[in-house]
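As a plain string of letters, each chain reads:
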Amino acid sequence: MSAAAYRGALAAVERIVNGESQGDEVLRKAVDVLHDRFEHYSWVGIYLVDGRDLVLGPWKGPQATEHVRIPIGQGICGAAAASGRTEIVDDVNADDRYLACFTSTRSEIVVPIVFQGRVVGEIDIDSDSPAAFTDADRAFLERVALLLSRHCVARETVRTGSRG
Ligand code: SME
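Worth saying up front: this structure is predicted, and the values here are computed from it rather than measured.

Chemist: Give me the lowdown on the site of the ligand, citing residues and values where you can.
Modeler: Inspection of the region around the ligand gives 13 residues, with I76, C77, L99, C101 and E108 positioned closest. L99 is positioned such that a nitrogen or oxygen atom in its backbone is 2.8 Å from a nitrogen atom of the ligand. The separation between an oxygen atom of the ligand and a polar side-chain atom of D124 is 3.4 Å. Look at the ligand: alone it shows 310 Å² of surface, and the protein chains cover 100% of it. Those elements giving two or more residues to the shell around the ligand turn out to be β1 (43-50), α3 (75-83) and β6 (118-127).

Chemist: Just give me the short version of the sheet that holds strand β2 (residues 53-60), but keep the residues and values in it.
Modeler: Strand order across the open sheet formed by six strands is β3-β2-β1-β6-β5-β4, with antiparallel pairing between neighbours. The open sheet is flanked by β3 (69-71) and β4 (87-89), the only strands paired with a single partner. Ignoring which end each strand starts from, the neighbouring axes of this sheet average 25 degrees apart. Summarising the sheet, β4 and strand β5 (residues 107-115) pair through three bridges and their orientation is antiparallel. Along β5, the bridge assignment pairs E87 with V110. Its contacts with the sheet put helix α2 (residues 23-37) on β1, β2 and β6, and the angle it makes with β2 is roughly 60 degrees. Sheet contacts for α3: β1, β2, β3, β4, β5 and β6; angle to β5, the most-contacted strand, approximately 30 degrees.

Chemist: Break down the environment of Q22 for me, citing the residues and quoting the values.
Modeler: Looking at the secondary structure, you find Q22 in the loop between α1 (3-17) and α2. Residue classification places Q22 among the exposed positions, given a relative accessible area of 53%. Placed 128 residues apart in sequence, Q22 and R150 show a C-alpha to C-alpha distance of 9.7 Å.

Chemist: Explain the packing of aromatic side chains to me, using residue names and the numbers behind them.
Modeler: What the rule picks out here adds up to seven aromatic pairs. Through successive ring pairs, a cluster of aromatic residues spans Y6, F38, Y41, F133 and F140.

Chemist: Residues and numbers for the pairing of β2, please.
Modeler: Here β2 lies mainly inside the structure; six of its eight residues are buried. Judged from the six bridges that link them, β1 and β2 form a sheet pairing that is antiparallel. Bridge pairing in β2 links D50 to D53. The pairing of β2 with β3 spans three bridges and is antiparallel. Bridging from a neighbouring strand, V55 pairs with R69 of β3.

Chemist: For α2, give the residues involved together with the corresponding values.
Modeler: Helical geometry note: an α-helix holds 3.6 residues per turn, so side chains three or four residues apart project in the same direction. With 15 residues, α2 should reach 21 Å at 1.5 Å per residue; the first-to-last C-alpha distance of 22 Å fits that figure. The complete set of buried residues in α2 reads G23, V26, L27, A30, V31, V33 and L34. Looking straight down α2, one finds that the buried residues subtend no more than 160 degrees of arc, so they occupy a single side.

Chemist: Explain the side chain of D137 to me, using residue names and the numbers behind them.
Modeler: Here D137 lies in helix α4 (residues 135-162). Here D137 sits buried without a salt bridge, and the closest side chain of opposite charge, R138, lies 9.3 Å off (N-O distance). In this structure, D137 is in contact with Y6, H40, Y41, I109 and A132, ignoring residues within four places of it in sequence.

Parameters at a glance
Residues numbered from 1 in each chain as written. Predicted model: local features only at pLDDT ≥ 70, side-chain atom pairs only at ≥ 80, totals over all residues. Heavy atoms only, no water. Near = heavy atom within 4 Å. Polar contact = N/O pair within 3.5 Å; in protein donor to acceptor, adjacent residues only side chain to side chain. Areas by Shrake-Rupley, 256 points an atom, 1.4 Å probe, with all protein chains shown as cover. Helix = DSSP H or I, 4+ residues; strand = E, 2+ residues; numbered from the N terminus. Pairing = 2+ DSSP bridges. Axes fitted to C-alpha atoms, helices over the stretch in contact; angles between N-to-C directions. Contact = heavy atoms within 4.5 Å. Buried < 20%, exposed > 50% of the residue type's maximum accessible area, 1.4 Å probe, protein only. Phe/Tyr/Trp six-rings, centres within 6.5 Å; stacked < 30°, edge-to-face > 60°. Expected span 1.5 Å × (residues − 1). Arc of directions from axis to C-beta. Lys, Arg positive; Asp, Glu negative; His and termini not counted. Salt bridge = Lys/Arg side-chain N within 4 Å of Asp/Glu carboxyl O.

Written out as structure tokens, the structure is:
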């Protein structure tokens, strides 16, 4: 992908976070931008932290995943949430931690979304191409995660509040 493609997508996410939308709507629109602009992003989802688990929020791709709740510490998603660091797996079938969702997936990137030092969610992208994710994807998605962070917090706050 060209540098211009990443710049254009980042600008699109900036427009979304600075627009009228709030919370989930922002996350949904951002997922659409990521999925629709990058051919190597085959399946894009955002997981949100809920206690000791990750719960699947907005996603876009050819199929739903059975992994809608993942304990932190399990899978590549759980590893990234536990460490707070981006995980790039070039060959998912060679990684013992991998929780399989789609038979077509060959590589995966998981980018934690951090707000005020706490992991509040993550961006999870599966690719049907091996070793699809580069440092350009990492840098781009870490900036997207930063832009989305306050919208993940908003969702968590609403949930906590609704429990009374
Ligand atoms: N593969 C992930 C699980 C989520 S699916 O890719 C949507 C993992 O190993 O944590």
